[in-house]
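So the chains spell out like this:
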Amino acid sequence: ESIEKGGYEHFMLKEIFEQPRSILDSMRGRMIAESNHLMMSGIREFENKFVNAERIIIVACGTSWHAGLVAEYLIEDLARIPVEVEYASEFRYRNPIITEKDIVIAISQSGETADTLAAIELAKSKGATIFGICNVVGSSIARATDAGAYTHAGPEIGVASTKAFTAQVTVLTLIAMIIGSKRGTLETTKLHELMVELETIPSKVERALQLNDQIVEISEKYKDAPNCIYLGRGYNFPVALEGALKLKEISYIHAEGYPAAEMKHGPIALIDEHMPVIVIATKDSSYEKIVSNVQEVKARKGKVIAIVTEGDTTIPAMADHVIEIPETSEHLTPLLSVIPLQLLSYHIAVMRGCNVDQPRNLAKSVTVE
Ligand code: G6P
């Protein structure tokens, strides 16, 4: 087993550090930015359906559902098709409205999650086209779908999903770009810019991983916190949910992820000098808004750990701790902003003596209801 861990103490840490490579693998052969070339065989088969779709429904569970939420922002923004993101377990039991014109995208690392599989069968029986995004080749979900794309992240052993998430988001970004360019909602220059930027992501993830030592220091300070709040807006809202999920899964600290603007409708009541608040505050279209959210937290003496874009000076002047990540396009931010959150949960869990790779009560793949 120690050989399989490749010198890392846990599979989770190995998988976090594999991300520059796994993200590259998930786009390999699918994109050449130089010639504005995008190709994904699974999509090509159903290109007309995707281009003419009136609605896309995404079904998934857990971390894969968070990747689905990022895709909602991407597809609506770049391809202008309405997207609904559903927990597979709710979707399958609520007599959902599904038509033959719908495209259902099922996202699953393992390809074996029972609820996601059942949601697919239901959508299929109503005539929808089902597109799968799986990591495990030949898995049940990969076989049950009409077409799909593998994430090619390699085996993920740690129960808490890390590299599968970033691979899913990468593939979903490619899909949004393909549909957007075919529908004419994403103009060629913008598409080109995005492709060039996407190519730089693996090396920027590499840089984000160099924050590891700094994150160890921050983890030391907050490892005994009983609660934690994660805030983000826009593309970083799903990342806030994912950061909170990672922390609760492996460290057993109660954590809540919230869209930062919703804080005033509840979570703000929890904030006092003992509450760590992790704010994803990168330079994007909601930056000014999140600056006010940080002020609101500080006014109530919350401890702010801010994930910011390199070179930012406004948030660092207010926050208790600052983690700087490389600048990128807003559309691609989740691929970078999630990295420090994965590391933070990992180190806190290790410091608390938790079984990081096999947390209590959780399974890597939930094949029963
Ligand atoms: C379990 C795992 C999670 C995972 C979820 C969905 O709860 O512990 O890490 O995100 O299932 O799994 P899937 O294989 O469908 O992505």
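Scroll up to find the structure.
Bear in mind the structure is a predicted one, so any value in this text is a computation, not a measurement. (Residues numbered from 1 in each chain as written. Predicted model: local features only at pLDDT ≥ 70, side-chain atom pairs only at ≥ 80, totals over all residues.)

Peer 1: Could you clarify how one ought to interpret the sheet that holds strand S9 (residues 254-259) in this entry?
Peer 2: The strands making up a sheet associate through hydrogen bonds between their backbones, and the pairing can be parallel or antiparallel. Pairing within the open sheet is parallel, and its five strands lie in the order S9-S8-S10-S11-S12. Edge positions in the sheet fall to S9 and strand S12 (321-325), since each has one partner strand and no second. Ignoring strand direction, the axes of neighbouring strands in this sheet form an average angle of 15 degrees. As defined by bridge partners, strand S8 (residues 227-232) adjoins strand S10 (residues 276-281) across three bridges and the pair is classed as parallel. Bridged to Tyr-230 within S10 is Ile-278. (Pairing = 2+ DSSP bridges. Helix = DSSP H or I, 4+ residues; strand = E, 2+ residues; numbered from the N terminus. Axes fitted to C-alpha atoms, helices over the stretch in contact; angles between N-to-C directions.)

Peer 1: How should I be thinking about the environment of Tyr-252 in this particular structure?
Peer 2: Assignment of secondary structure puts Tyr-252 in the loop between helix H12 (237-251) and S9. Sequence separation between Tyr-252 and Pro-20 is 232 residues, and the spatial gap between their C-alpha atoms is 28 Å.

Peer 1: What should I look at first to understand the sheet that holds strand S5 (residues 103-108) in this one?
Peer 2: Taken in spatial order, the five strands make up an open sheet running S4-S3-S5-S6-S7, and their pairing is parallel. The sheet terminates laterally at strand S4 (83-87) and strand S7 (147-150), the two strands that pair on one side only. Geometrically, the sheet is characterised by an average inter-axis angle of 20 degrees between neighbouring strands, direction not taken into account. Note: S5 against strand S6 (residues 129-134), six bridges, orientation parallel. Paired with Ile-107 across the two strands is Ile-133, which belongs to S6. Running over the sheet, helix H7 (residues 114-125) touches strand S3 (56-60), S5 and S6 and is turned about 165 degrees from S5. (Contact = placed C-beta atoms within 7 Å.)

Peer 1: Would you mind showing me how to read the packing of helix H5 (residues 62-79) against H12 here?
Peer 2: Two numbers describe a pair of packed helices, the interaxial angle and the distance between the axes. Packing of H5 against H12 brings their axes to within 9 Å, and their N-to-C directions diverge by 165 degrees. Here H5 lies roughly antiparallel to H12, going by the angle between them. The two elements H5 and H12 cross, and the hand of that crossing is left-handed. On the side of H5, the interface is formed by Thr-63, His-66, Leu-69 and Val-70, while H12 contributes Pro-238, Leu-241, Glu-242 and Leu-245. Partitioning the contact of H5 with H12 into residue classes produces five nonpolar, two polar and one charged. (Parallel < 35°, antiparallel > 145°, perpendicular 65-115°, else oblique. Left-handed = near helix turned anticlockwise from the far one by under 90°. Nonpolar A, V, L, I, M, F, W, Y, C, P; charged D, E, K, R; others polar.)

Peer 1: Where do I start with helix H11 (residues 212-222) in this structure?
Peer 2: Buried within H11 are the following residues: Ile-215, Ile-218, Ser-219 and Tyr-222. Relative to the axis of H11, the buried residues are bounded by an arc of 105 degrees and lie together on one face. Turned more than 90 degrees off the buried face of H11, the exposed positions are Asp-213, Glu-217 and Glu-220. In this fold, the buried residues of H11 make contact with S10, strand S11 (303-309), S12 and helix H14 (333-351). (Buried ≥ 20, exposed ≤ 12 C-beta atoms within 10 Å, placed from the backbone. Arc of directions from axis to C-beta.)

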